Amino acid sequence: MKRREFFALGAALGGGPWPATGAEHPRKDPPRGGTTLALDGERQFWREAAHYQKLPESRVECRLCPRRCQVADQENGWCGVRLNERGTYYTTVFGRPVTIANDPIEKKPLFHYKPGSLTLSLATAGCNFECLFCQNWEISQFRPEQIPARYGFVSPEDLVELAKRQGSRSLSFTYAEPVVFFEYALATARASKAAGLPGVMISNGFIESAPMDELLQELGAVKIDFKAFDDKFYQRQCRGTLEPVLRTMERIRKAGVWLELVHLTVPTLNDDAEQAKRLCGWVLEKLGPDVPVHFTRFHPTYKLKNLPATPPATLERQYDIARKAGLRYAYLGNLPGHEGENTRCHGCRETLIRRVGFTVLENRLREGKCPKCGEKIPGVWS
Ligand code: SF4
């Protein structure tokens, strides 16, 4: 795509992830590791990777996420977007977004971060998890060469320029998993921060500490998908582990970067009250009462089409557990029009922000404070 055509995307943004054209997805079974298809034209998206160690016999060890893949020459790491060529490790998705959209920040969801604003949102292919309930599996579970490079090469500066033209107030790395396009996300976050547009990361939090600390220098906010307070759930449903995610959330808080959490509540798998109590207790103890927790409704998708959508009563129970545990800001998600979408003052319970779905109907905050009792409300409001 030529630069002129890229910026002319304009009002067309909002298409969301593949398949925006209505075309059939090229394949159904996600690949893991193995040899890449080094197609002509793909090399323009290769950059030497950050955070890896060279090993004997042209092997490398990736130090980006706790999976720590050891990768032989001409092979990919587990996430499918990092390739070893003769002992040099490459990201294969630098400047290769597969989706770009100008979303309400509420869609991430972030409810205490610039409410009512737009955020230019992008993703590349690839993920370091395979969640059986992934809503964006059409991009997260595939290699870049399996999804057309519909925008061509898009530099960090191009994204910043597009965000400015679209009236976005931040730039979000989202939909799939920004950890696996670390180099592109970091370069874009630096460029957007310099232009006064903070970067926002929507992530599973499965990342090593050193790269996370680099990102935290540049980001304005992070949302972590806190999938369960249960390592077995992470192993069985996501092919990951819990402990590194806990460590990441603590680092974000310590760095002073705004943090919100989402718990997608899946019937029979992570919807029991005891687990919710443990999760909320951990959040309160390690992150404090001001970190918002969104309990979100599951809809059957990807490899969990056999389960029903989450009953609203289950989410309401999670909400009550969070409030009783002492968390000041619990929310319900994927239940448009529910009272649990609104922000209420933790001091006097006055309704401060009314929402329906991703739309802010009313924002009564006055310089970040409750207009009734004057309590300062945690968040980034302007
Ligand atoms: S980022 Fe990808 S290649 Fe690196 S350790 Fe994680 S899954 Fe493996």
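Summary of the structure given here. (Residues numbered from 1 in each chain as written. Predicted model: local features only at pLDDT ≥ 70, side-chain atom pairs only at ≥ 80, totals over all residues. Heavy atoms only, no water.)

**A short note on the overall build of the protein chain**
So, step 1. Secondary structure assignment for the protein chain yields nine helices and 17 strands.
So, step 2. Relative to the globule expectation of 21 Å for 382 residues, the C-alpha radius of gyration of the protein chain, 20 Å, shows essentially globular dimensions.
So, step 3. For the protein chain, the share of sequence-separated contacts (at least 6 apart) that also reach a separation of at least 24 residues comes to 69%.
So, step 4. If you sum the accessible surface of the protein chain, you get close to 15,300 Å²; carbon and sulfur atoms cover 48% of it.
So, step 5. Positive and negative side-chain charges of the protein chain, numbering 54 and 44 respectively, have mean locations separated by a distance of 3 Å. (Helix = DSSP H or I, 4+ residues; strand = E, 2+ residues; numbered from the N terminus. Rg over C-alpha atoms; globule rule 2.2 N^0.38 Å. Contact = heavy atoms within 4.5 Å. Areas by Shrake-Rupley, 256 points an atom, 1.4 Å probe, with all protein chains shown as cover. Lys, Arg positive; Asp, Glu negative; His and termini not counted. Charge placed at Lys NZ, Arg CZ, Asp CG, Glu CD.)

**Let's talk about the environment of A101**
So, step 1. In this fold, A101 is placed in strand 7 (residues 99-104).
So, step 2. The class for A101 is buried, based on a relative accessible area of 0%.
So, step 3. For the pair A101 and L118, spaced 17 residues apart in sequence, the C-alpha separation works out to 9.7 Å. (Buried < 20%, exposed > 50% of the residue type's maximum accessible area, 1.4 Å probe, protein only.)

**Concerning the pairing of strand 6 (residues 88-91)**
So, step 1. Burial along strand 6 is two-sided: the face carrying T88 and Y90 and the face carrying Y89 and T91 are both buried.
So, step 2. Looking at chain direction, strand 5 (residues 82-85) and strand 6 are connected through four bridges and run antiparallel. Paired with R82 across the two strands is T91, which belongs to strand 6.
So, step 3. Linkage of strand 5 to strand 6, two consecutive antiparallel strands, is achieved through a turn of two residues, within which R86 is found at a positive phi near 55°. (Pairing = 2+ DSSP bridges.)

**Points about the nonpolar core**
So, step 1. By size, the foremost hydrophobic cluster in this structure holds 98 residues, and its most contacted members are F133, V222, F226, M249, L261 and V283.
So, step 2. Mapped onto the domain boundaries, this core takes at least three residues apiece from domain 1 (43-91) and domain 2 (99-363).
So, step 3. Those residues in contact with M249 that sit more than four places away from it in its chain are I224, F226, L259, L261, W282 and L287.
So, step 4. In this structure, F111, Y329, L365 and W381 belong to the second largest nonpolar core, which totals 10 residues. (Core = buried A, V, L, I, M, F, W, Y, C linked by side-chain atoms within 4.5 Å. Domains from an automatic or database assignment.)

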